[in-house]
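Notes for the structure review
Here's the letter readout for the chains.
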Amino acid sequence: MFTGIITDIGEVTAVEPRAQGLARLTITCGYDPDSIGAGASIACSGVCLTVVARGKEGNRGWFAVETAAETLRLTTVGNWRRGTRINLERALKIGDELGGHIVAGHADGVATVLRREDSTDTARFTLRSPQQLARFIALKGSVALDGVSLTVNEAAGDTFSVLIIPHTLKVTTLGLLGAGDAVNLEVDLMARYAARLMERS
């Protein structure tokens, strides 16, 4: 479980295809590798992945994860290459501050940036979500984009917008985004459960 508050930006340094559609990714990071246990969960641009190895090279730590064929197909992970920069968040511990919202790290799909409008204090992104996810996105609700917890500013049909402050643009990969870029989208867990309850009632 995560909170959508990014604690580091990692960089993909290797992508190795494996049997049965799997891929092994190596990611450098600022985390102390001794603090990362084998089997630990790390959200990588909003996708919860399991650490299978870790170590240190120079003054940077690294960890390796293996991704399933479904993850490669349904998220942006399948497009990651050497040099791709990704948002990182360690799993929550009991007692940690919940600074964003509850994020499972199970991306529901991929949203596409339609427009980016920069101003002095914020950047406004307008995005299109997959049609089947649009009903879970509501004004003032929460979404996670590439693992970043954000509040929905507007929602209409399958499009929605978010306002992003300069700090978030600086400490996450969202500052690199422009029109046409794809991001991993996770809708609010509460919205998903509420919709399910309404279907059953």
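1. Comments concerning the pairing of strand S7 (residues 109–118)
- Two strands pair when backbone bridges link them, and S7 and strand S12 (residues 182–187) are joined in this way by four bridges, in the antiparallel orientation. Bridge pairing links Thr-112 to Ala-182 in S12.
- Sheet topology note: the S7/strand S8 (residues 123–128) ladder contains six bridges and is antiparallel. Bridge assignment links Val-113 to a residue of S8, and that residue is Leu-127.
- Connecting the antiparallel pair S7 and S8 is a turn made up of four residues.

2. Focus: the environment of Pro-130
- With respect to the helices and strands, Pro-130 occurs in the loop between S8 and strand S9 (142–145).
- Here the alpha-carbon distance between Pro-130 and Thr-71, two residues 59 residues apart in the chain, equals 16 Å.
- The residues contacting Pro-130, other than those within four sequence positions of it, are Val-110 and Leu-185.

3. Some remarks on the sheet that holds S12
- Pairing is antiparallel around the closed barrel formed by six strands, whose spatial order is S7-S8-S11-S10-S9-S12. On average, each strand axis in the sheet is inclined to that of its neighbour by 45 degrees, with strand direction left out of account.
- In this structure, S9 lies alongside S12, joined through three bridges in antiparallel fashion. Across the sheet, residue Ala-144 finds its bridge partner in S12, namely Glu-186.

4. A word on the side chain of Thr-26
- Locating Thr-26 in the fold gives a position in strand S2 (residues 23–29).
- Using a relative accessible area of 14% as the deciding quantity, one classes Thr-26 as buried.
- Among all residues touching Thr-26, those that are not within four sequence positions of it are Glu-11, Val-12, Thr-13, Ala-14, Glu-16, Trp-62, Phe-63 and Ala-64.

Calculation notes
Residues numbered from 1 in each chain as written. Predicted model: local features only at pLDDT ≥ 70, side-chain atom pairs only at ≥ 80, totals over all residues. Heavy atoms only, no water. Pairing = 2+ DSSP bridges. Helix = DSSP H or I, 4+ residues; strand = E, 2+ residues; numbered from the N terminus. Contact = heavy atoms within 4.5 Å. Axes fitted to C-alpha atoms, helices over the stretch in contact; angles between N-to-C directions. Buried < 20%, exposed > 50% of the residue type's maximum accessible area, 1.4 Å probe, protein only.

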